[in-house]
Amino acid sequence: QVHVVESGGGLVQAGGSLRLSCVASGSIFSINALGWFRQAPGKSREFVAAITNGGHTDYRESVSGQFTISSDNATKSAVYLQMNSLNPEDTAVYFCAAGRVRLGLTYAWDFWGQGTQVTVSS
């Protein structure tokens, strides 16, 4: 079992920045990827970004160049999402997920955090 906890959400004005953090604990030997998802009110949860233990990153096309995902190089059990130039459309609950990357760079997300609210005011 892997326990995932996010932090760092909050209220920010349009154009501002936030940095989300996520820590995975427990049986982390069973995972080799950490990722971020978000869910806006009335919408489905969507993929935002992911990073593998090997350092490979993937981004949702709409946030590429605006968001940056990184991980703790030593333990590979912490992941961060630097979000810049935020706009009201980025308002959502952001979830951290832990899982496995498979051949072909597809992901299986096995463990989820509770989410952290990000609100961007106009």
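Higher on the page you've got the structure.
Residues numbered from 1 in each chain as written. Predicted model: local features only at pLDDT ≥ 70, side-chain atom pairs only at ≥ 80, totals over all residues. Heavy atoms only, no water.

Caption draft 1: How the structure looks around the packing of aromatic side chains. Applying the stated criterion across every chain, the model contains 4 aromatic pairs. With a centroid separation of 5.7 Å and 85 degrees between ring planes, the pair formed by Phe37 and Trp109 is classed as edge-to-face. Taken together, the residues span a long stretch of sequence, with Phe37 in strand 4 (residues 33-39) and Trp109 in strand 10 (residues 106-112) at a distance of 72 residues. In this structure, Phe37 and Trp109 share a single accessibility class: buried. Ring geometry for Tyr107 and Trp109: centres 5.1 Å apart, planes at 15 degrees, overall stacked. (Phe/Tyr/Trp six-rings, centres within 6.5 Å; stacked < 30°, edge-to-face > 60°. Helix = DSSP H or I, 4+ residues; strand = E, 2+ residues; numbered from the N terminus. Buried < 20%, exposed > 50% of the residue type's maximum accessible area, 1.4 Å probe, protein only.)

Caption draft 2: Highlighting the sheet that holds strand 7 (residues 67-71). Strand order in this open sheet of 4 strands is 1-3-8-7, and the pairing throughout is antiparallel. Across the chains shown, the open sheet's two edge strands, defined by having one partner strand only, are strand 1 (2-7) and strand 7. Direction aside, neighbouring strands of the sheet carry axes that sit 15 degrees apart on average. Sheet analysis places strand 7 next to strand 8 (residues 78-83), joined by 5 bridges and oriented antiparallel. (Pairing = 2+ DSSP bridges. Axes fitted to C-alpha atoms, helices over the stretch in contact; angles between N-to-C directions.)

Caption draft 3: Looking closely at the environment of Ala98. Tracing the backbone shows Ala98 in strand 9 (residues 92-102). Each C-alpha atom of the pair Ala98 and Ile51 lies 10.0 Å from the other, and the pair is 47 residues apart in sequence. The contact partners of Ala98, leaving out residues within four places of it in the chain, are Val2, Val4, Ile31, Ala33, Leu34, Trp109, Asp110 and Phe111. (Contact = heavy atoms within 4.5 Å.)

Caption draft 4: Looking closely at the nonpolar core. The biggest cluster of nonpolar side chains holds 28 residues, and the ones touching the most others in it are Trp36, Val48, Phe67, Val79, Leu81, Met83 and Tyr94. Among the secondary structure elements, those contributing two or more residues to this core are strand 1, strand 3 (18-26), strand 4, strand 5 (46-52), strand 7, strand 8, strand 9 and strand 11 (116-121). Apart from residues no more than four positions distant in its own chain, Met83 is found in contact with Gly16, Ser17, Leu18, Leu20, Gln66, Phe67, Tyr94 and Val118. (Core = buried A, V, L, I, M, F, W, Y, C linked by side-chain atoms within 4.5 Å.)

Caption draft 5: Fine view of unusual backbone geometry. The phi dihedral of Ser85 falls on the positive side, at around 50 degrees, and the residue is not glycine. As for its placement among the helices and strands, Ser85 is situated in the loop between strand 8 and strand 9. Located in the positive-phi region is Leu105, a residue other than glycine, with phi close to 55 degrees. Mapped onto the elements, Leu105 comes out in the loop between strand 9 and strand 10. We classify Leu105 as partly exposed; its relative accessible area is 44%.

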